[in-house]
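Notes for the structure review
Below, each chain spelled out in residue letters.
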Amino acid sequence: MEIQNNLPTTFEPAETENKWYDIWLRNKSFKPKKGKQNKTFTIMMPPPNVTGKLHMGHALDATTQDTLIRYKRMKGFETLWIPGTDHAGISTQAVVEKLLWKEEKKTRHDLGRDEFLKKVWSWKEEYGSEIVNQQKKIGVSCDWDYSTFTLDEVPNKAVKKFFVMLYNEGLIYQNDYIVNWDPILQSAISDAEVDHKDVKGFFYHVKYKVKETGEEIVIATTRPETMFADTAVAVNPEDERFSHLVGKTAIIPICNREIPIIGDEHVDIEKGTGCLKVTPGHDFNDFEIGKRHNLPIINILNKDGSFNENAPEITGLKPKEARAKVEELLGELLVEKKEHLNSVGHGERSGEIVEPIVSKQWFVNINKMAEESVRAVEDGDMTFFPKGWENTYFSWLRNPKDWCISRQLWWGHQIPVYYCDNSHQWAAEEHPESCPHCSSTNFTQDPDVLDTWFSSGLWPLSTLGWPDEEKMKELRFDDFYPNSVLVTGFDIIFFWVARMMMMSQKVTNQVPFKDVYIHALVRDKQGRKMSKSLGNGIDPIEMINQYGADAMRFTLAAGSGYNRDLNLDPERIEGYRNFVNKLWNAFRFVYPFLDKASDTLPTKSEWHLHDKWILAELNDVAKKMNDALDIYRFDDASSAIYQFVYDKFCSWYIELSKNILYGDDEKAKVIRATMLKYCFKKIVTLMHPMTPFITEEIWSYLSSNDEKLIDQEYVEFEDKLVNNEVLEMMNKFIEVTSGVRNIRASVNLKPKDEVDVRLFTDDKDLAKFIYESRHFLKDLANVKSGKIKSKAADRPKKSASFATTSTEIFIPLEGLIDINEQISRIKKEMDKTQVDFQKNEGKLNNQNFVQNAKPEVIAEVKEKADQLYEKLNSLKLILKSFED
RNA sequence: GGGCGUUUAGCUCAGCUGGGAGAGCGCUACCCUUACAAGGUAGAUGUCGGGGGUUCGAUCCCCUCAACGCCCACCA
């Protein structure tokens, strides 16, 4: 039979992907539509930085969310996926500053704030959409009309509204506080933005003189250069060596300033020398000690990290040079210098050592909000998947520290606080006309901007229009808030998840999302984090170009469950590309028969056993996939459909269909073609959330109208399709077929060599089915002829043989086979079966087992033992047949 | 120092409330069989990190040891 088939032998992703993405957009398929569930399903996309380039983490983010969105859309939820981008204060400003320097040799200060911000905006307009275009390549089905930028008008209103609200409640306050100062960014950064790294340094012992007694005490420090900012020496009041000194005065060497000696519990008697120099201006612990003892604060650092005139001997020097200078100046007063591994804070963005500096900053008191957010998870208002991540969340929120929200940058939401020339201070949502206290029109706005996370924290609200009432109506805040699920990585549970919870709860008294699915961190195949410096990053766009978006998506989905790492090897993408191609070729097989197929299933009485079987298997996959996707087990869903397509549909159902489709029975052909078409529709429907492009492409050949797969209903589990008898029968048939193939392989028969088989079974239904399937056996195992007899019958002599639990298989091949080889093969099989059998039989003979185990377990073991016993007997008979 | 997690076939990993040790990739042999060589058929591979305990029964629960990873805090 000549087959008309003009489909390419391999699936070509590039064209198909672009084509369908455009069609979906044109058809407005990504817009929310009322469905049969009469419920909404909302996800907001974690907004990537405008400066960003799409990396594998984004790709995973996008894939898992898109899979969920497409799944829920097909399930009949009114689905909204909100995209957006983040202004990313620090990194965007840095990118533009760098560019400005490169092109014009100017700094932002040369331009001034307004001019500089104009530059950043125009940069954003030009390059900010690159990452969005990359997202589209992945196939994200979000509603682009909802797209929001964190510096848009609405988020800006949200930020101001929230700020003013907390300011007026006294929860936002300004304070001199010791903060992490990044000398490169020249801004304060929050604790969470500091990475601690071990740095080789030294432990110094330095002599200070006691003024009153003339004694010398030795203090221990890792940073001698900060001695110019010392405002006390502290000892533990319980320390017998030094307690008599409390209340006396110490003299700092070099600058000879006098400072008090105080007693403080913080000092560890065991550590160092027991004497501690207290530098409240440049050390977090010392700052606390200073507060307890009302010590003055001296700042000896400039904004760029160099020393200022408060440390005259080292003014202008950077810490490293300063330390060398101080060592020199100390001379003999430096009594010891030991190597020491020190954990030093580094700016997450700049990589530079951060300096603790006391400065005026804005803080949010989060105590109360944190409590509420802890409670929400404890009460199950919000649930983490996997559950373990709630520990990370709790550990941070149960020990809340005030959040430093001011940043000394220009690019961002400017703090809505104003100062008038009569030193009044107030916060306002709208730019004021005059001071509300004294009506002065001479006022300035605080120059600082807010931490990026301050606006990100309000994302669930601002993306739906809050606080602008008209916008909220237009964007349907009430329908889509709270979100259904947040999908993100564990690295931003503190930064983002916790803050969205606190801020959203504060505003709405509701959690911002019901579930949080924390996906894995993508690493390279050796488990290393992908990083620029290692050069081990895998570019998702490159992977898409090479293997197709579907293959990449399926790989990421198959690797995503409740794991915390996803080690990605491009070879795996290649493997799943092969799978996508397999599906394509399966479709190429079906394609020429589509014109025979009907769109309605034949009546049940006309179903072949194969049909009942594949529908039962299909039903089983539908259940597995629905169950898995409902709880974010993308890995289970992927592996279920993968196994079905390869091991059930392609290997058996299609193979078994050839005999019918290439045969003469026209009616049977129509039925089989119809069944194949039906199955294919279900398969591409099931797979669509993971691999949208190829499935939509195949659907276009299967659908009789212009409807798109993206809008179809998902496949649900149906009770009436469960059919265990048929499953059992087919499994036995498959076992027998494989048995024949196994024998063929064992005697090195070529595929072309036909065989004559003798089957012995007492299962009458099976015997009947195999008899009816004799033509199929010819196709599947090149069986030319055969006989089926009961086990009471005589076995043929000197045959290659094999036994399944139901059937003995003999292939008479006298003269062609190596008897000894056959005997050893059977013996090996016997040994294996014997071990298995004894394991089960042993249990049954164990009184304790029989008395204690659950009845269904006992029944299972018994059945297993019976089957193995039968197989064992069959194998014995086969062996005997060689001896005769 | 506190917390979390990991350790299962050469590699990457799955194994739900204890009752058959699995998948993918890789590997071996044979095959370009008319959907697919990005394929097919058959096959090999594991003291489930070590030790102890609970149990009729432990990859799964408990204790302990070891290795590795991550997070937080701190290190004068």
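Residues numbered from 1 in each chain as written. Chains lettered and ligands numbered in written order. Predicted model: local features only at pLDDT ≥ 70, side-chain atom pairs only at ≥ 80, totals over all residues. Heavy atoms only, no water.

**A word on the nonpolar core**
Put simply, the test is: Side-chain atoms within 4.5 Å are what join buried Ala, Val, Leu, Ile, Met, Phe, Trp, Tyr and Cys residues into a set we call a nonpolar core. Residue burial is assigned from relative accessible area. The probe radius is 1.4 Å, only protein chains are included, and a residue is buried under 20% of its type maximum, exposed over 50%, and partly exposed in between. Working definition: helices are DSSP H or I runs of at least four residues, strands are E runs of at least two. Numbering for both runs from the N terminus. Residue contacts are defined here by distance: any two heavy atoms, one from each residue, within 4.5 Å place the two residues in contact.
Of all hydrophobic cores here, the largest spans 131 residues; its most connected members are Ile641, Phe649 and Phe680. Take this core: its biggest share by element is 14 residues, from helix α21 (residues 634-661). The contacts of Ile641, once residues within four sequence positions are left out, are Phe554, Phe579, Val621, Met625, Leu686, Met687 and Met690. Core analysis: the second largest hydrophobic core is formed by 60 residues, Leu80, Ala370, Val497 and Met503 among them.

**Here we look at empty space enclosed by the protein**
Note the cut-off: Space inside and on the surface of the protein is sampled on a 1 Å grid over the protein atoms alone, with a cavity defined as a set of points where a 1.4 Å probe fits but cannot get out and a pocket as an open set with protein on both sides within 12 Å along at least 5 of 7 lines; lining residues have an atom within 4 Å of a point. Grid points are joined across faces, edges and corners, and a volume is the space filled by probe spheres set on the points. In this count, Pro and Cys sit with the nonpolar residues alongside Ala, Val, Leu, Ile, Met, Phe, Trp and Tyr, while Asp, Glu, Lys and Arg are called charged and the others, Gly among them, polar.
The full count for this structure, using the stated rule, is one cavity of 30 Å³ or more. For the largest cavity, the calculated volume is near 90 Å³. Lining the largest cavity are Met45, Pro46, Pro48, Leu54, His58, Asp61, Ala62, Gln65, Gln135, Ile138 and Val140. Broken down by secondary-structure element, the contributors of at least two residues to the lining of the largest cavity are α2 (56-74) and α6 (130-138). Looking at the lining of the largest cavity element by element, the count peaks at four residues for α2. Here the lining of the largest cavity is composed, by residue class, of seven nonpolar, three polar and one charged.

**Focus on the sheet that holds strand β27 (residues 783-789)**
Spelled out, the test is: For two strands to be treated as a pair, DSSP must find at least two bridges joining them. A fitted line through C-alpha atoms serves as each axis, taken over the contacting stretch for helices, and the angle formed by two N-to-C directions is quoted from 0 to 180°.
Strand order in the open sheet formed by four strands is β27-β26-β29-β28, with mixed pairing between adjacent strands. Each edge of the open sheet is held by one strand with a lone partner, namely β27 and β28 (799-803). Recorded for the sheet is a direction-independent mean angle of 20 degrees between the axes of neighbouring strands. As defined by bridge partners, strand β26 (residues 755-761) adjoins β27 across six bridges and the pair is classed as parallel. Across the sheet, Leu759 pairs through a bridge with Ile788, a residue of β27. Packed onto the sheet, helix α29 (residues 855-883) meets β28 and β29 (807-812) and runs at close to 170 degrees relative to β28.

**A look at the side chain of Gln134**
With respect to the helices and strands, the residue Gln134 is situated in helix α6. Looking at Gln134, the relative accessible area reads 11%, which means it is buried. In this structure Gln134 touches Lys53, Leu54 and Ile541, once residues within four positions along its chain are discounted.

**Things to note about the packing of aromatic side chains**
Convention followed: Here is the rule: rings of Phe, Tyr and Trp (six-membered ring for Trp) pair when centre to centre is within 6.5 Å. Planes less than 30 degrees apart are stacked, more than 60 are edge-to-face, and the remainder are tilted. Two thresholds decide whether a charge sits over a ring: the Lys NZ or Arg CZ must be within 6 Å of the ring centre and within 35 degrees of the ring normal.
The tally for this structure, following the rule as stated, stands at 53 aromatic pairs. Centroid distance Tyr517 to Tyr632: 5.3 Å. Interplanar angle 20 degrees. Geometry classified as stacked. You can see Tyr517 sitting in strand β23 (residues 513-519) and its partner Tyr632 sitting in the loop between α20 (609-630) and α21, a full 115 residues away along the chain. Across this residue pair, the class does not change: Tyr517 and Tyr632 are buried. Three or more aromatic residues link up through ring pairs in this structure, and these residues are Phe11, Trp584, Phe587, Tyr591, Phe644, Phe649, Tyr653, Phe680 and Tyr701. Residue placement shows Lys658 over the ring face of Phe589; its charged tip is 5.8 Å from the ring centre.

**What about the pairing of strand β5 (residues 172-182)?**
Of the strand pairs in this sheet, β5 and strand β14 (residues 355-364) are connected by 10 bridges, and their pairing is antiparallel. Across the sheet, the residue bridging to Asn180 is Pro356, located in β14. Sheet topology places β5 next to strand β6 (residues 187-189); three bridges connect them, and they run antiparallel. Note that in β6 the partner of Asn180 across the bridge is Ile189. Counting the residues that bridge the hairpin from β5 to β6 gives four residues, and of these Gln186 lies at a positive phi of roughly 55 degrees.

**Concerning the packing of α20 against α21**
Note the following rule: Reported orientations rely on four angle classes, namely roughly parallel under 35 degrees, roughly antiparallel over 145, roughly perpendicular from 65 to 115, and oblique for the rest.
Remark: α20 packs on α21, axes separated minimally by 8 Å, with the N-to-C direction vectors making an angle of 170 degrees. By the angle between their directions, the pair α20 and α21 is classed as roughly antiparallel. Residues His610, Asp611, Trp613, Ile614, Glu617, Leu618, Val621, Lys624, Met625, Ala628 and Leu629 of α20 pack against Phe634, Asp636, Ala637, Ala640, Ile641, Phe644, Lys648, Phe649, Trp652, Tyr653 and Leu656 of α21. In terms of residue class, the contact of α20 with α21 is built from 16 nonpolar, one polar and five charged.

**Focus on the confidence of the model for chain A**
Note the cut-off: Across the chain, each position has a pLDDT score giving the predictor's confidence in that residue, from 0 to 100.
Averaged over all residues, the pLDDT of chain A equals 88, while 99% of them reach at least 70. What the predictor reports for the complex is a pTM of 0.89 with an ipTM of 0.91.

**A few points about the sheet that holds strand β15 (residues 383-385)**
The three strands are arranged β15-β23-β22 in an open sheet whose pairing can be described as parallel. The open sheet terminates on both sides in strands that have one partner only, identified here as β15 and β22 (483-489). Going from strand to strand, the sheet's axes swing by 20 degrees on average, the running direction of each strand aside. Strand direction decides the pairing type here: β15 and β23, joined by three bridges, are parallel. Across the sheet, the residue bridging to Phe384 is Val516, located in β23. The strands that helix α16 (residues 493-508) touches are β15, β22 and β23; relative to β22, the one it contacts most, it runs at about 165 degrees.

**Structural notes on the pairing of strand β1 (residues 40-44)**
In plain terms, the rule: The crossover handedness rule: strands pointing away from the viewer, path from first strand over the helix to second strand clockwise, crossover right-handed.
Across the five residues of β1, four count as buried, placing the element largely inside the fold. Assessed by its sense of winding, the connection that carries the chain from β1 through α2 to strand β2 (residues 78-82) is right-handed.

**Here's the deal with the environment of Asp515**
Inspection of the secondary structure puts Asp515 in strand β23. Here the alpha-carbon distance between Asp515 and Ala62, two residues 453 residues apart in the chain, equals 17 Å. Beyond its immediate chain neighbours, meaning those up to four positions away, Asp515 contacts Thr383, Phe385, Ser484, Val485, Leu486 and Tyr632.

**Some points on the protein's contact with RNA strand B**
Applied cut-off: The criterion for a residue being near a molecule or strand is simple. One of its heavy atoms has to lie within 4 Å of it. For this analysis, a polar contact is any N or O atom pair within 3.5 Å, provided that within protein one partner can donate a hydrogen and the other can accept it, and provided that sequence-adjacent residues contribute only side-chain to side-chain pairs.
RNA strand B sits among 54 residues. The nearest are Ala220, Thr221, Asn285, Ser343 and Arg577. Taking the atoms of RNA strand B that fall within 4 Å of the protein, sugar and phosphate contribute 61% of them. In the environment of RNA strand B, a phosphate oxygen lies 3.0 Å from a nitrogen or oxygen atom belonging to the side chain of Asn567. Measuring from a phosphate oxygen of RNA strand B, one finds a side-chain N or O atom of Tyr662 at 2.4 Å. Among the secondary structure elements, those contributing two or more residues to the surface near RNA strand B are β8 (216-221), β13 (334-347), α19 (570-590), α21, α24 (724-746), α27 (819-845), α28 (847-852) and α29.

**Brief notes about the layout of surface pockets**
Roughly 380 Å³ of internal volume is contained in the second largest pocket. Contributing to the lining of the second largest pocket are 18 residues, with Glu735, Thr805, Ser806, Gln867 and Leu868 lying nearest its centre. Only α24, α27 and α29 provide two or more residues apiece to the lining of the second largest pocket. In terms of residue count, α29 provides more of the lining of the second largest pocket than any other element does, seven residues in total.

**Quick word on the pattern of salt bridges**
Selection criterion: Definition used for salt bridges: Asp or Glu carboxyl oxygen within 4 Å of a side-chain nitrogen of Lys or Arg.
Here the structure, examined in full by the defined rule, presents 56 salt bridges. The shortest N-O distance in the salt bridge between Glu390 and Lys387 comes to 3.0 Å. The class for Glu390 is buried, based on a relative accessible area of 14%. As a salt-bridge pair, Asp611 and Arg672 come within 3.4 Å of each other at their nearest N and O atoms. With Asp611 in helix α20 and Arg672 in helix α22 (residues 666-687), this residue pair connects regions lying 61 residues apart in the sequence. Accessibility classification places Asp611 together with Arg672 in one group, the buried group. Three or more residues are tied together by salt bridges with common partners; here these are Lys34, Glu78, Arg476 and Asp479.

**Observations regarding the packing of helix α1 (residues 13-26) against helix α23 (residues 692-702)**
For the pair α1 and α23, interaxial distance at closest approach is 9 Å and the crossing angle is 80 degrees. As far as their axial angle goes, α23 and α1 are roughly perpendicular. From α1, Thr16, Glu17, Lys19, Trp20, Tyr21 and Trp24 reach across to α23, where they touch Pro692, Phe693, Glu696, Glu697 and Ser700. In terms of residue class, the contact of α1 with α23 is made up of five nonpolar, two polar and four charged.

**Considering the environment of Pro280**
Assignment of secondary structure puts Pro280 in the loop between β12 (275-278) and α8 (284-293). With a relative accessible area of 0%, Pro280 lands in the buried category. Residues Pro280 and Ala616, spaced 336 residues apart in sequence, show a C-alpha to C-alpha distance of 73 Å. The residues touching Pro280, leaving out its near neighbours within four places in the chain, are Ile178, Ala229, Thr231, Asp286, Phe287, Gly290, Leu295, Pro296, Ile297 and Val358.

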